[in-house]
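# Observations on chain architecture
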Amino acid sequence: DAKTTQPTSMDCAEGRAANLPCNHSTISGNEYVYWYRQIHSQGPQYIIHGLKNNETNEMASLIITEDRKSSTLILPHATLRDTAVYYCIVPMDSSYKLIFGSGTRLLVRP
Amino acid sequence: GAGVSQSPRYKVAKRGQDVALRCDPISGHVSLFWYQQALGQGPEFLTYFQNEAQLDKSGLPSDRFFAERPEGSVSTLKIQRTQQEDSAVYLCASSFSSGTGGKNEQFFGPGTRLTVL
């Protein structure tokens, strides 16, 4: 079973920040938080991952709470092309096996 | 640069036929994964290769499913005697490293949509 809980759907206005939450209250100390997204009819796309510290790359920022029980993926200026299903994944025991769950369906509105 | 490619992109099979789905991973990637994605669901893990070794096949639904990667690059997922419940998108992914810990960035192909009539 997936170790994460995400809202089923969210929406935001184009140009605004999209903040996608994820709960992972049973995360262990050496387990990473990964985010992937899947645009319709495409394969999943890696976005970002982190362990303890906040991370930022060209796509997004990842904010992990101090107790590591939750995190937020931030798309700073959402565009229509960011409409996708976003998956928060915590691979059990830091293994290679990604368990996707249901994800959050993000709709970016014009 | 070239990403992960899969062929065919679409496959229609009659129930009982055998099918073979091909995956070309990114050159030099050690790890290769197969996933199955049913309509409206997230991808589900099928199997994992490190080079030519199949280290995990725990997700394969039945013994009708068989995967190989004989030379540690191209992989083939074979489904024998297809059934209607095999209809899904089959995704292949590759990773530069072993895929564990903080090195689990997997690059996915576009998938093969299999429809079994």
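See the structure printed just above.
So, here's what we can say about the structure. (Residues numbered from 1 in each chain as written. Chains lettered and ligands numbered in written order. Predicted model: local features only at pLDDT ≥ 70, side-chain atom pairs only at ≥ 80, totals over all residues. Heavy atoms only, no water.)

## Here we look at the interface of chain B and chain A
Rules: Here, residues are in contact when the closest pair of their heavy atoms is within 4.5 Å. Two parts placed together each lose some accessible area under a 1.4 Å probe, and the buried area is that loss summed for both. Put simply, a salt bridge is a Lys or Arg side-chain nitrogen that is within 4 Å of an Asp or Glu carboxyl oxygen.
With 24 residues of chain B at the interface, the matching set in chain A holds 18 residues. Together chain B and chain A conceal approximately 1,600 Å² of surface at their shared face, both sides included; 53% is due to carbon and sulfur atoms. Area buried by chain B at its contact with chain A is led by P43, N104 and F108 of chain B, which between them contribute 27% of it. Summed over the shared surface of chain B and chain A, the number is one salt bridge.

## Digging into the side chain of S31 of chain B
All names here are of chain B. Rules: For helices the rule is a DSSP run of H or I covering at least 4 residues; for strands it is a run of E covering at least 2, with both sets numbered from the N terminus onward. Here a polar contact is taken to be a pair of N or O atoms separated by no more than 3.5 Å, where protein atoms must pair a possible hydrogen donor with a possible acceptor and residues adjacent in sequence count only if both atoms sit in side chains.
Here S31 is to be found in strand 4 (residues 31-37). At 3.5 Å, the side chain of S31 forms a polar contact with the side chain of Y48. A distance of 2.5 Å separates a polar atom in the side chain of S31 from the backbone oxygen of S97. Dropping the residues within four chain positions of it, S31 is found in contact with Y48, F49, R69, A93, S94, S95, S97, S98 and G99.

## Focus on the state of the cysteines
Using the following cut-off: Disulfide assignment relies on a single distance test, namely cysteine sulfur atoms paired within 2.5 Å. Between buried and exposed lies partly exposed: a residue is buried under 20% and exposed over 50% of the maximum accessible area for its type, with that area taken using a 1.4 Å probe on protein chains only.
Counted according to the given criterion, the structure contains two disulfides over all chains. The residue that forms a disulfide with C22 of chain A is C88 of chain A, at a sulfur-sulfur distance of 2.1 Å. Here the S-S torsion is close to -80 degrees, and the disulfide linking C22 of chain A with C88 of chain A is therefore left-handed. Taken together, the residues C22 of chain A in strand 2 (residues 18-23) and C88 of chain A in strand 8 (residues 84-89) connect sequence positions 66 residues apart. An identical accessibility class is assigned to C22 of chain A and C88 of chain A; each is buried. With its sulfur 1.9 Å from that of its partner, C23 of chain B forms a disulfide with C92 of chain B. Between C23 of chain B and C92 of chain B, the disulfide has an S-S torsion of -65 degrees and is therefore left-handed. Placement of the pair is C23 of chain B in strand 3 (residues 19-24) and C92 of chain B in strand 9 (residues 88-95), with a sequence separation of 69 residues.

In short, the description is geometric, and any link to function would need to be established separately.
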